[in-house]
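Below are the chains, spelled out letter by letter.
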Amino acid sequence: NPYFILGFLTVQTHSFAAVARRRSPLPCPDGLCILSPMPHVIASPCIGVKDQACTEVCPVECIYDGGEQFFIHPDECIDCGACVPACPVSAIFPEEDVPEGEQEFIVKNRVHFGL
């Protein structure tokens, strides 16, 4: 499913819909923008662990420390997938495979980078 901004950020994937109320930082003709998908998302198992194995294998250094967890910058990630098997707590997923109950981390990742 596509991602749209219409006055506020709306992220929709499968049956999940989450809304983070904030103004769009993107210039949007007619108030509508399509956001590109995020190659990978780091979910809750990373919180409090932050092993850093993922940061060591990332060839483009697109994984950033966000305080309680790491975040993958969607515009910098080349979707190589090297971080996925490197994570000892299995916290990294392709966006379309983020488990139900963890999908709020898609929004959290976008908000972290102001996207």
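Residues numbered from 1 in each chain as written. Predicted model: local features only at pLDDT ≥ 70, side-chain atom pairs only at ≥ 80, totals over all residues. Heavy atoms only, no water.

(A) Molecular detail of the overall build of the chain. Within the chain, the regular secondary structure consists of three helices and eight strands. Taken from N to C terminus, the helices and strands of the chain fall in the order β-β-β-β-β-α-β-β-α-β-α. Looking at the chain residue by residue over its 115 residues, the buried ones come to 38%. Considering only contacts in the chain between residues 6 or more positions apart, those separated by 24 or more positions represent 62%. Surface accessibility of the chain: about 6,200 Å² in total, with carbon and sulfur atoms responsible for 53%. (Helix = DSSP H or I, 4+ residues; strand = E, 2+ residues; numbered from the N terminus. Buried < 20%, exposed > 50% of the residue type's maximum accessible area, 1.4 Å probe, protein only. Contact = heavy atoms within 4.5 Å. Areas by Shrake-Rupley, 256 points an atom, 1.4 Å probe, with all protein chains shown as cover.)

(B) Expanded view of the nonpolar core. The biggest cluster of nonpolar side chains holds 13 residues, and the ones touching the most others in it are I42, I63, I72 and I92. Ignoring sequence-local partners within four residues, the contact set of I63 consists of I42, C54, T55, C58, F70, F71, I72 and C83. Counting seven residues, the second-largest nonpolar core is a separate cluster that includes M38, F93, V98 and I106. (Core = buried A, V, L, I, M, F, W, Y, C linked by side-chain atoms within 4.5 Å.)

(C) Representation of the pattern of salt bridges. For the structure on display, the rule yields two salt bridges. With a closest N to O distance of 2.8 Å, D65 and K50 form a salt bridge. Of this pair, D65 sits in strand β6 (residues 63-65) while K50 is found in the loop between β5 (40-42) and α1 (53-57), placing the two residues 15 residues apart along the sequence. Taking the relative accessible area as the measure of exposure, D65 reaches 45% and is therefore partly exposed. Given a relative accessible area of 21%, K50 falls into the partly exposed group. Notably, a salt bridge pairs E68 with K108, separated by 2.8 Å at the nearest N-O pair. Within this pair, whereas E68 is found in the loop between β6 and β7 (70-72), its partner K108 is found in helix α3 (residues 104-112), the two being separated by 40 residues in sequence. (Salt bridge = Lys/Arg side-chain N within 4 Å of Asp/Glu carboxyl O.)

(D) Region of interest: the environment of G67. With respect to the element layout, G67 can be found in the loop between β6 and β7. Separated by 17 residues in the primary sequence, G67 and K50 place their C-alpha atoms 9.3 Å from one another.

(E) View of unusual backbone geometry. Of note, E61 is a non-glycine position whose phi angle comes to about 50°, a positive value. Assignment of secondary structure puts E61 in the loop between α1 and β6. Residue E61 is classed as exposed on the basis of its relative accessible area of 62%. Its identity as a non-glycine residue notwithstanding, D79 has a phi of 60°, on the positive side. Along the polypeptide, D79 turns up in the loop between β7 and α2 (83-86).

(F) Representation of the confidence of the model for the chain. Model confidence for the chain is summarised by a mean pLDDT of 77, while 69% of its residues fall at 70 or above. Ignoring residues within four places in sequence, the model shows residues 1-26, a span with pLDDT below 50, making 62 contacts including any to other chains. (pLDDT = per-residue confidence, 0-100.)

(G) Up close: the packing of aromatic side chains. All told, the structure shown has one aromatic pair when counted by the stated rule. Sitting above the plane of the F70 ring, K50 keeps its charged end 5.6 Å from the centroid. (Phe/Tyr/Trp six-rings, centres within 6.5 Å; stacked < 30°, edge-to-face > 60°. Lys NZ or Arg CZ within 6 Å of the ring centre and 35° of its normal.)

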